[in-house]
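So the chains spell out like this:
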Amino acid sequence: MSIPKEPRQLMINLMYLVLTAMLALNVSAEIINAFFMLDKGIKKNNEIVEASVVGVIASMEETAKTKTQYQPLVEKAKEAKNITVGFNTFVTGLRERMVEESGGAYTAEEANDQGHPELAGKPRGKKDKDTPQRIFVSGDYGGQGKKDPQGPILAEEIKKLKKSYVDFVGGLWDNGGIKGTVFADPKKKEEVLARLESEMTLVADEKYDPAGHEGKSWEDFTFGHMPVAAIYPMLRKFQNDARTSEAAVINFLASQMGKMELTYDKFDVFSQSSKPYILLGEKYESEIALGAYSSQAD
């Protein structure tokens, strides 16, 4: 698991690790319900990140009204936002399948009868350890013969999404890049992409070593024989990782609107007088030199 720099994201990761450790010791109702509280917190965080991204794009649009040279950045920010859509749909489908396979979701009446109204809409089979194993590891789900295990597929989707972001930003240097931004300087491409990639929290099995986990595959170690309640917020966290990675890309694009890199491509004669005025009969003195300036400065 990578270590995020944003405090809220770090807190979510730590809470999940603590709950998982407690789960290994004792599967009590309180711990199970705590996972649902964590899921609610991650969902709220996703909404905050989404609202922030929407606000950043709106601000970019406003800036581009008077500084039209930035309009290409606005369009690229909107494109970047669409990259996450397919991944979120895929993960939401996994959550829904897991709920369905484990007995469906609590109705509001059932949740109230249990004394936990917050369980409404949550999976009834919250302690079910068999369903995640079948969906993510063995592929034995759906009642129509064996299917492809979803764990390895999820890992590939995570890696594909991260690569999509990096490739998207890398493509902004094509055809001369965007004038007046870092994308017009090909020498900075490698450095920028490396920094941006390090800020993304999307991680699957890239650095996973089965030898360090009793020979288990990444999907078996991550999902195998874990209760539905534990996997429920984990899937939401993958969506959160996607959201924060999307935000990192869009915030980087927005930052280029605030610190335009000027290319000194014009020359002219500049003069600087030793004083702002002279009296009749005085000698006029001035330093005169050839100077460079940027045609983008207007």
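Remember, it's a predicted structure, so these values are computed and weren't measured experimentally.

Rules behind the numbers
Residues numbered from 1 in each chain as written. Predicted model: local features only at pLDDT ≥ 70, side-chain atom pairs only at ≥ 80, totals over all residues. Heavy atoms only, no water. Axes fitted to C-alpha atoms, helices over the stretch in contact; angles between N-to-C directions. Helix = DSSP H or I, 4+ residues; strand = E, 2+ residues; numbered from the N terminus. Parallel < 35°, antiparallel > 145°, perpendicular 65-115°, else oblique. Left-handed = near helix turned anticlockwise from the far one by under 90°. Contact = heavy atoms within 4.5 Å. Nonpolar A, V, L, I, M, F, W, Y, C, P; charged D, E, K, R; others polar. Patch = residues over 30% accessible without salt bridge, like charges linked within 9 Å, V, L, I, M, F, W, Y side chains within 5 Å. Areas by Shrake-Rupley, 256 points an atom, 1.4 Å probe, with all protein chains shown as cover. Salt bridge = Lys/Arg side-chain N within 4 Å of Asp/Glu carboxyl O. Buried < 20%, exposed > 50% of the residue type's maximum accessible area, 1.4 Å probe, protein only. Arc of directions from axis to C-beta.

A. Structural view of the packing of helix α4 (residues 85-101) against helix α7 (residues 150-170). Across the interface, α4 lies against α7 with an axial gap of 11 Å and an inter-helix angle of 160°. Between α4 and α7, the angle is such that the two are roughly antiparallel. Regarding α4 and α7, the two cross each other, and that crossing is left-handed. Counting all contacts with α4, which are made through Phe87, Phe90, Val91 and Leu94, the residues of α7 involved are Gln150, Ile153, Leu154, Glu157, Ile158 and Leu161. The residue makeup of the contact of α4 with α7, split by class, is 8 nonpolar, 1 polar and 1 charged.

B. Spatial organisation of a nonpolar patch on the surface. On the surface, Phe267, Val269, Ile288 and Leu290 cluster together into a nonpolar patch covering about 500 Å² of accessible area. Listing elements by their share of the nonpolar patch, those giving two or more residues are β1 (266-273) and β2 (286-293). Relative to the assigned elements, Phe267 resides in strand β1. By relative accessible area, which is 59% here, Phe267 ends up exposed.

C. View of helix α8 (residues 189-198). Along α8, the residues that are buried comprise Val192, Leu193 and Leu196. Buried residues of α8 fall within an arc of 95° about the axis and therefore sit on the same side. The exposed set on the far side of α8, more than 90 degrees from its buried face, consists of Glu190, Glu191 and Ser198.

D. A look at the environment of Glu110. For Glu110, the position within the fold is in helix α5 (residues 108-113). The class of Glu110 is partly exposed, set by a relative accessible area of 28%. For the pair Glu110 and Gly121, spaced 11 residues apart in sequence, the C-alpha separation works out to 9.9 Å.

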